[in-house]
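Fold and contact review
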Amino acid sequence: MLKGVAASEGIGIGKVMIIEEHSLDYTPKDVSDTDAEIKRYQDALEDFCAETVEQAEALKESAGAKEAEILEGHIQMAKDPMMDGEVTGMINDGKCAEEAIDVTYTKYMEMFSQIPDEMMKQRAADVKDIRTAMLSILLGVKTVKISDAPAGTVVVANEVTPSMTAGINKDNIVGIITETGSQTSHSAILARALEIPAVLSVENATTSVADGDQVIVDGSEGVVIANPSDDEVSEYTAKREEYLKEKAELENFRGQPTKSADGTEYELFCNIGNPEDAKKAMAADGEGVGLFRTEFLFMDRDAIPTEDEQFEAYQQAALTLKGKGLIIRTLDIGGDKEIPYLGLEKEENPFMGFRAIRYCLKNKDMFKSQIKAILRASAFGDVRIMFPLITAVEELREGKALVEECKAELKEAGFDFNEDIPVGVMTETAASGVIADLLAKEADFFSIGTNDLTGYTMAADRGNSDVAYLYSPFQPSVLRMIKSIIENGRDAGIPVGMCGEAAADPKMIPLLISFGLTEFSVSAPSVLKVRGTIAKWTKDEADKVADKVISMTTEAEVLEYLDSVV
């Protein structure tokens, strides 16, 4: 039995197809005709972009628009003036195109991979994917594709890149196993979008099995069984049928209100990163959007988006939601999200530095441009503003004062907007948890960001494997913080939601029901599962579970108990 990261749930049983990486070795050579070599590089870049456009269209059909954006981002990255300029500069200095691409792209891969954050590590993976494609074109090497895999195939690779999955026939691929990757890696995102069971970060996966071997992939538990016995095949076949049955039964919750077993109703929203995602939220039967991450509008471009550009994005999302709630988080930049053109200085500890609301309050023209765009969009739906990383009441007051300034300026300019637009706080720091009673008097709503709240409360970086054991929302300190935030919001009469990953965890849901959470915001694929889990619990049952959990002293005790009752 092999263990790895449970990245895409479900069970697959099939035959191994190992994806071998072809050699991209080349002999560096100096060139004298630099103009011809630059044209050779530019021709390769043009071919890469054309191929990637085709791959993105194919991926859009098989996985969806959001997943296709990963490949579309590759085109923008390859054409990035800085990277393109460095490649061209090396060729002008007499280096061949292969070496110029190799050295430049490797430098960026190393730069991104050294940042202890999953998003930046994905940037490194993106650069690696582009480097592989560009060198393959220059060297005439046929790139790896799994689109022609026969039915019943389990793909085993070092990693499954977006370009590999373009045109994939998801009916033929029953499982994915990789040696690298995490829950948030592109391999995981694509596997979930394609609904293919996947186990990632399986050590020595490509050498532990052989082409044609039968394997079982348990993407729910993170388990791989190579050459299983007949009894194991029978056991997991039964598990697969049970999983598919449960998944089919969840469709019964489509179009139904989200309510507990005793009839209490909740809002079940989705998290999105762009206007297109709002369509997925609606298709998944989400009841609104609890978190629009606006920083993605600012990324992969050379300048700050204008007020009109932002307005069009927010308006599009609002119109798509047709009157359902849309919580737009203002720019949350810095820390793990770097945007070069904003000129953020390098900090010793960026996660505790000049980021999010702190950056925005010091860059008021940019901040007001975003606030005005959100206000203008509020004329087209139930739009709400949320400030990230609030740690002091003064920050909330200053942000609200800017909202009032923007209202006055928009009114003078003749724009329509919602005069009573709600302004809330993303409670994601220990500070905001401790002063939740004070913030609740001045905020219109809370939304708990459990990812950062866990990290800041436990002083643990989730990207650091040495302290990963501390990074858990089931740590007693984090649970008590969540409980306190919800209770303070409830006492002040404001709604409290949760937009972190924990909101979709079946073990967390009875605790949130007991504590008094009013809104869950999850990924689109999790909507029906969360609705089904909420429907299993009454408040009294949830209270009994929560009372026991809140008295426990360790995360291990908490999880052991919840595993026994959920």
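The following paragraphs examine the structure supplied in this document. Because the structure is predicted, anything quoted here is derived from the model rather than measured.

Scoring rules and cut-offs
- Residues numbered from 1 in each chain as written.
- Predicted model: local features only at pLDDT ≥ 70, side-chain atom pairs only at ≥ 80, totals over all residues.
- Heavy atoms only, no water.
- Axes fitted to C-alpha atoms, helices over the stretch in contact; angles between N-to-C directions.
- Helix = DSSP H or I, 4+ residues; strand = E, 2+ residues; numbered from the N terminus.
- Parallel < 35°, antiparallel > 145°, perpendicular 65-115°, else oblique.
- Left-handed = near helix turned anticlockwise from the far one by under 90°.
- Contact = heavy atoms within 4.5 Å.
- Nonpolar A, V, L, I, M, F, W, Y, C, P; charged D, E, K, R; others polar.
- Expected span 1.5 Å × (residues − 1).
- Core = buried A, V, L, I, M, F, W, Y, C linked by side-chain atoms within 4.5 Å.
- Buried < 20%, exposed > 50% of the residue type's maximum accessible area, 1.4 Å probe, protein only.

One way to put it is that helix α3 (residues 81-92) packs onto helix α4 (residues 97-113) with a least axis distance of 8 Å and a crossing angle of 140°. In terms of orientation, α3 and α4 fall into the oblique class. In this structure, the crossing between α3 and α4 has a hand that is right-handed. Facing α3, whose interface residues are Met82, Met83, Glu86, Val87, Met90 and Ile91, α4 presents Ala97, Glu99, Ala100, Ile101, Val103, Thr104, Tyr105, Lys107 and Tyr108.

Two packed helices can be described by the angle between their axes and the distance between those axes. Relative to each other, helix α22 (residues 539-550) and helix α23 (residues 555-565) sit at 160°, their axes nearing to 10 Å. Comparing their axes, α23 and α22 come out roughly antiparallel. For the pair α22 and α23, the crossing hand works out as right-handed. In this structure, α22 uses Lys544, Val545, Lys548 and Val549 to contact α23, whose residues at the interface are Val558, Tyr561, Leu562 and Val565. Of the residues in the contact of α22 with α23, the class split is six nonpolar, no polar and two charged.

This paragraph deals with helix α19 (residues 476-492). For α19, spanning 17 residues, the distance from its first C-alpha to its last is 24 Å, which sits close to the expected 24 Å at 1.5 Å a residue. Phi turns positive, to about 80°, at Gly493, one or two residues after α19.

Next up on the list: the nonpolar core. Formed by 91 residues in total, the largest nonpolar core has its most connected members in Phe446 and Ile482. With seven residues, helix α14 (residues 364-377) is the single largest residue contributor to this core. Discounting chain neighbours no more than four positions away, the residues touching Ile482 are Ile448, Thr450, Leu453, Met498, Met508, Leu512 and Phe515. Judged by nonpolar contacts, the second largest core, of 28 residues, contains Tyr41, Cys49, Met77 and Ala100.

Here Asp93 shows up in the loop between α3 and α4. Taking the C-alpha atoms as reference points, Asp93 and Ser32, 61 residues apart in sequence, are found 9.3 Å from one another.

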